[in-house]
Amino acid sequence: MTDLVTGPDGLPRCAWGASTPDYAAYHDEEWGRPLRGDDALYERLTLEAFQSGLSWLTILRKRPAFRLAFDGFRIESVAGYDEAETARLMADAGIVRNRAKIEAAIANARAALELPEGLSTLLWSFAPPPRPARPASNASVPALTPESTAMAKALKKRGFRFVGPTTAYALMQATGMVDDHLAGCHAGGDRAGA
C-alpha cells in the first residue's frame, strides 16, 4: 500500500483514511480539522488516552457508546463522577473497560476544571506554526515533537494522566493543531481560520 491512494470516489487521500468506510469518513470530515472548545477537546484527549495500546478504529467504532457513557464528555459532569460512576463505566460493555483509563478520564475532567485559561486555550498554546508544506510520506510524519512533549509535560504538571508525548501528538494531529495529511491529499484543515 502506498502512502497516498485514490479512493473509489476519485479523491486522493492518506492511505489509512481509505482502508475502511469508518476511517474514510473520519479522515475526510474530522481528522486534521481545527477543533476548539473545552468539552470537545476533552473528548478527544480522553479518546486518545483510551486508544493507547489499541487500534483507533476500535475507539472510533465505540465513540457513540463512549459519548453516552461519559455524558457527552461534558467536563463538569464527568468531574463529579464518584466510585459508583466508575463501577457503572467498568460494567459498560460498549466502551473500553480499563479502570486506569476510566479513572484518568475522571481525574482529567477535574484537572480541566482547574485550568484558569480553559483546556482549549491551554492545548492550542502548544500548536506549532503551520509547516510550509505537508509531509511527503508517512515516513516524514513524527510520532512526537518538542511541542507534544511540552504539552504532555504541562498537562501532567496540572494533574492530567495518560497524556504522554505520543498521545499529545496524536491529539494535535486529530484536532488540527498540526496538519499531517500528506501532500496531495484532498482533506485537511485550514488553520488560518482556526
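In case you missed it, the structure is sitting above this.
What you see is a predicted model; the values in this text were computed from it and never measured.

Colleague: What's the story with the packing of helix α5 (residues 83-90) against helix α6 (residues 99-113) in this structure? I'm lost.
Modeller: Angle between the axes and distance between the axes are the two parameters that describe a pair of packed helices. Direction vectors running N to C along α5 and α6 enclose 135°, while the axes themselves pass 10 Å from each other. The orientation of α5 with respect to α6, classified from their angle, is oblique. Between α5 and α6 lies a crossing whose hand is right-handed. Of the residues in α6, those touching α5 at Glu83, Thr86, Leu89 and Met90 are Arg99, Ile102, Glu103 and Ile106. Of the residues contributing to the contact of α5 with α6, the split by class is four nonpolar, one polar and three charged.

Colleague: Got a minute to help me understand the layout of surface pockets in this structure?
Modeller: Rolled over the atoms, a probe with the dimensions of a water molecule shows which regions are left empty. Of the voids in this model, the largest pocket is the one considered here, and its volume is about 450 Å³. Counting residues per element, the lining of the largest pocket draws most heavily on helix α9 (residues 165-174), which supplies six residues. Here the residues of the lining of the largest pocket sort into 13 nonpolar, six polar and two charged.

Colleague: Sorry, what's going on with the pattern of salt bridges here?
Modeller: Where charged atoms from two side chains of opposite charge approach closely, those side chains can pair. Evaluation of the coordinates by the stated rule reveals 11 salt bridges. Across the pair Arg67 and Glu43 runs a salt bridge, and its minimum N-O distance is 2.7 Å. Of this pair, Arg67 sits in helix α3 (residues 56-69) while Glu43 sits in helix α2 (residues 38-51), and the two are 24 residues apart along the sequence. Across the salt bridge formed by Arg131 and Asp180, the nearest N and O atoms sit 2.6 Å from each other. Linking Arg131 in the loop between α7 (119-124) and α8 (146-157) with Asp180 in the segment after α9, this pair joins segments that are 49 residues apart in sequence.

Colleague: What's the story with the side chain of Gln173 in this structure? I'm lost.
Modeller: Residue placement: Gln173 occurs in helix α9. Overall, Gln173 belongs to the buried group, its relative accessible area being 13%. Reaching out from Gln173, the side chain makes a polar contact with the side chain of Asp180 at a distance of 2.8 Å.

Colleague: In this structure, what is going on with the nonpolar core? I would like to understand it.
Modeller: A general trend in soluble globular proteins is that nonpolar side chains are found buried together. If you look at the biggest cluster of nonpolar residues, it comprises 49 residues, and the most contacted ones within it are Phe66, Phe70, Leu119, Met151, Leu155 and Phe160. Of all the secondary-structure elements, those providing two or more residues to this core are α1 (21-29), α2, α3, α4 (75-79), α6, α7, α8 and α9. Leaving out residues up to four positions away in the same chain, Phe66 has contacts with Leu47, Phe50, Ile59, Phe73, Ile95 and Val96.

Colleague: How should empty space enclosed by the protein be read in this particular structure?
Modeller: Evaluated as defined, the whole model comprises one cavity of 30 Å³ or more. Estimates place the volume of the largest cavity at around 30 Å³. In terms of lining residues, the largest cavity is bounded by Leu45, Thr46, Ala49, Phe50, Lys101, Ala104, Ala105 and Asn108. Elements with a contribution of two residues or more to the lining of the largest cavity: α2 and α6. Looking at the lining of the largest cavity residue by residue, the classes come out as five nonpolar, two polar and one charged.

Conventions adopted
Residues numbered from 1 in each chain as written. Predicted model: local features only at pLDDT ≥ 70, side-chain atom pairs only at ≥ 80, totals over all residues. Heavy atoms only, no water. Axes fitted to C-alpha atoms, helices over the stretch in contact; angles between N-to-C directions. Helix = DSSP H or I, 4+ residues; strand = E, 2+ residues; numbered from the N terminus. Parallel < 35°, antiparallel > 145°, perpendicular 65-115°, else oblique. Left-handed = near helix turned anticlockwise from the far one by under 90°. Contact = heavy atoms within 4.5 Å. Nonpolar A, V, L, I, M, F, W, Y, C, P; charged D, E, K, R; others polar. 1 Å grid on protein atoms, 1.4 Å probe; cavity = no way out; pocket = protein on both sides within 12 Å on 5 of 7 lines; lining within 4 Å. Points joined across faces, edges and corners; volume = space filled by probe spheres on them. Salt bridge = Lys/Arg side-chain N within 4 Å of Asp/Glu carboxyl O. Buried < 20%, exposed > 50% of the residue type's maximum accessible area, 1.4 Å probe, protein only. Polar contact = N/O pair within 3.5 Å; in protein donor to acceptor, adjacent residues only side chain to side chain. Core = buried A, V, L, I, M, F, W, Y, C linked by side-chain atoms within 4.5 Å.

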